[in-house]
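What the coordinates show
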Amino acid sequence: VLTQVATNTPANKNTGNAVLYECVRTILIIESSTTLRTLAINILGKFLATKESNSSLPKNLRYVALASLQKVVKYDLNAVQKHKGIILDCLKENDISIKRLALDLLSLITNEKNIESIVKEMLNYILESDADFLQDLTLKICNSVERFAPNRRWHVDTIIKVMTLAGNHVKDESVNSLIHIISATPELQAYSASKLFFSLKENL
């Protein structure tokens, strides 16, 4: 029944979206099959991708979708990760609450396999972000790097890049963590000193 309702309900009106959302909620709270859960996650992905103009509907749908995906991610990480690109797009939103939800969700889906691609995309948003959001963004990037960096050299390169782009918006604990990594890795010290020197020279 849920599959029939979810696949036959039009998503171009508020009433249809309300029905779809209740379908998603029901699927997520019952012991549903993987197929049904994937269907629910794909509906949330469509909510995220809604781009209608002159209406608060897309904004509301994106907020609901992001909040719901945060609850789902612990049950089906792979299905949520398929919508990574749309979640990253939400960082462009003007609405700070949507941007923060998207940032939290990105932190939840980041792991050893996708850390490099997600961080690369997130770095692109540093220069576009206002001061209110920038500190949150840089902290999430630095925390993800500390948890999942594939190697210490990439860790050093990435945090220096964040510091170069975001300046004083990088929190002290992230800088302290970088210093600790460099101190504990003698083979990286000459490289790091050189990298920091040229970064300072170009971006004092």
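What counts, and where the lines are drawn
- Residue positions are given per chain, counting from 1 as you read along its sequence in written order.
- Local features in a predicted model are, by the rule used here, given only for residues with pLDDT of at least 70; side-chain atom pairs are given and counted only at 80 or more, and totals for whole chains, interfaces and linings are based on all residues.
- Values reported for side chains reflect all heavy atoms of the structure, with hydrogen atoms and water molecules removed beforehand.
- Whenever a carboxyl oxygen of Asp or Glu lies within 4 Å of a side-chain nitrogen of Lys or Arg, that contact is scored as a salt bridge.
- In this description a helix means any DSSP run of H or I spanning at least four residues, a strand means any run of E spanning at least two, and both kinds are numbered starting from the N terminus.
- Partly exposed describes any residue whose relative accessible area lies between the buried limit of under 20% and the exposed limit of over 50%, with all areas from a 1.4 Å probe on protein chains only and scaled to the type maximum.
- Each pair of aromatic rings taken from Phe, Tyr and Trp, with Trp reduced to its six-membered ring, is defined by centres within 6.5 Å and is described as stacked if the planes are under 30 degrees apart, edge-to-face if over 60, and tilted in the remaining cases.
- Note on geometry: a ring has a charge over it if NZ (lysine) or CZ (arginine) is within 6 Å of the ring centre and within 35 degrees of the ring normal.
- The quantity known as pLDDT measures the predictor's confidence residue by residue, on a range of 0 to 100.
- Should any heavy atoms of two residues lie within 4.5 Å, those residues are counted as being in contact.
- A patch is a set of surface residues, each over 30% in relative accessible area and not in a salt bridge, joined within 9 Å for like charges and within 5 Å for the nonpolar side chains Val, Leu, Ile, Met, Phe, Trp and Tyr.
- For the accessible areas, the method is Shrake-Rupley and the probe is 1.4 Å, while residue cover comes only from the protein chains on display.
- The axes are straight lines fitted to the C-alpha atoms, using for helices just the contacting stretch, and the angles between their N-to-C directions are given from 0 to 180°.
- In these notes the angle categories are as follows: under 35 degrees is roughly parallel, over 145 is roughly antiparallel, 65 to 115 is roughly perpendicular, and the rest is oblique.
- Ten residue types, Ala, Val, Leu, Ile, Met, Phe, Trp, Tyr, Cys and Pro, are classed as nonpolar, four, Asp, Glu, Lys and Arg, as charged, and the remainder, Gly among them, as polar.
- Two helices that cross are described as forming a left-handed crossing if the nearer one is turned anticlockwise from the farther one by less than a right angle, and a right-handed crossing if clockwise.
- The span expected for a helix works out to 1.5 Å for each residue beyond the first.
- By nonpolar core is meant a set of buried Ala, Val, Leu, Ile, Met, Phe, Trp, Tyr and Cys residues that side-chain atoms within 4.5 Å join together.

**Details of the pattern of salt bridges**
- Taken as a whole and judged by the stated rule, the model has seven salt bridges.
- The salt bridge involving K140 is made with D104; its shortest N-O contact spans 3.1 Å. One end of the pair, K140, is in helix α9 (residues 131-148); the other, D104, is in helix α7 (residues 96-109), and 36 residues separate them in sequence.
- Given the relative accessible area of 26%, K140 is considered partly exposed.
- Taking the shortest distance from any N to any O, the salt bridge between D157 and K195 comes out at 3.6 Å. In this pair, D157 sits in helix α10 (residues 152-166) while K195 sits in helix α12 (residues 186-202), placing the two residues 38 residues apart along the sequence.
- Residue D157 is classed as partly exposed on the basis of its relative accessible area, which comes to 21%.

**Things to note about the packing of aromatic side chains**
- Counted under the stated rule, the structure contains one aromatic pair.
- An angle of 80° between the planes, with centres 5.2 Å apart, marks the rings of F197 and F198 as edge-to-face.
- For F198, a relative accessible area of 43% translates into the label partly exposed.
- Above the ring of Y191, the side-chain terminus of R153 is found at 3.8 Å from the ring centroid.

**Thoughts on the confidence of the model for the protein chain**
- Of all residues in the protein chain, 97% have pLDDT values of 70 or greater, and the mean over the chain is 89.
- Per-element confidence in the protein chain is highest for α10, whose mean pLDDT is 96, and lowest for helix α4 (residues 57-72), whose mean pLDDT is 85.

**Let's talk about the environment of G16**
- Tracing the backbone shows G16 in helix α2 (residues 14-29).
- Taking C-alpha positions, G16 is 9.6 Å from A6, a pair spaced 10 residues apart along the chain.
- What G16 contacts, discounting residues up to four positions off in sequence, is T9 and P10.

**Looking at a nonpolar patch on the surface**
- Judged by side-chain polarity, V1, V5 and V19 come together as a nonpolar surface patch covering roughly 250 Å² of accessible area.
- Mapped onto the secondary structure, V1 falls in the segment before α1 (2-8).
- For V1, a relative accessible area of 79% gives the class exposed.

**Observations regarding the packing of α7 against α9**
- Contact geometry of α7 with α9 gives a least axis separation of 11 Å together with a crossing angle of 5°. In this view, α7 runs roughly parallel relative to α9, as classed from their interaxial angle. Note on element contacts: α9 touches α7 through D132, F133, D136, L137 and K140, opposite I96, K99, R100, L103, D104 and S107.
- For the contact of α7 with α9, the residue count by class is four nonpolar, one polar and six charged.

**Here's the deal with the packing of helix α8 (residues 115-123) against α9**
- At a minimum axis separation of 11 Å, α8 and α9 run at an interaxial angle of 160°. When the interaxial angle is binned, α8 and α9 end up roughly antiparallel. Helix-helix and strand crossings are classified by hand; for α8 and α9 the assignment is left-handed. For the pair formed by α8 and α9, the contact residues are I115, V119, M122 and L123 on the first element and L137, K140, I141, S144, V145 and F148 on the second.
- Of the residues that constitute the contact of α8 with α9, the class distribution is eight nonpolar, one polar and one charged.

**Quick notes on α12**
- Its 17 residues place the ends of α12 25 Å apart at the C-alpha level, agreeing with the 24 Å of an ideal helix rising 1.5 Å per residue.
- For α12, the set of buried residues is L188, S192 and S199.
- Taken together, the buried residues of α12 touch α10 and α11 (172-183).

**Here's the deal with the nonpolar core**
- Residues L66, V80, I87, L91, M122 and I141 are the most contacted members of the largest nonpolar core, which totals 55 residues.
- Apart from the residues within four sequence positions on either side, M122 is in contact with L88, L91, L103, L106, L137, K140 and I141.

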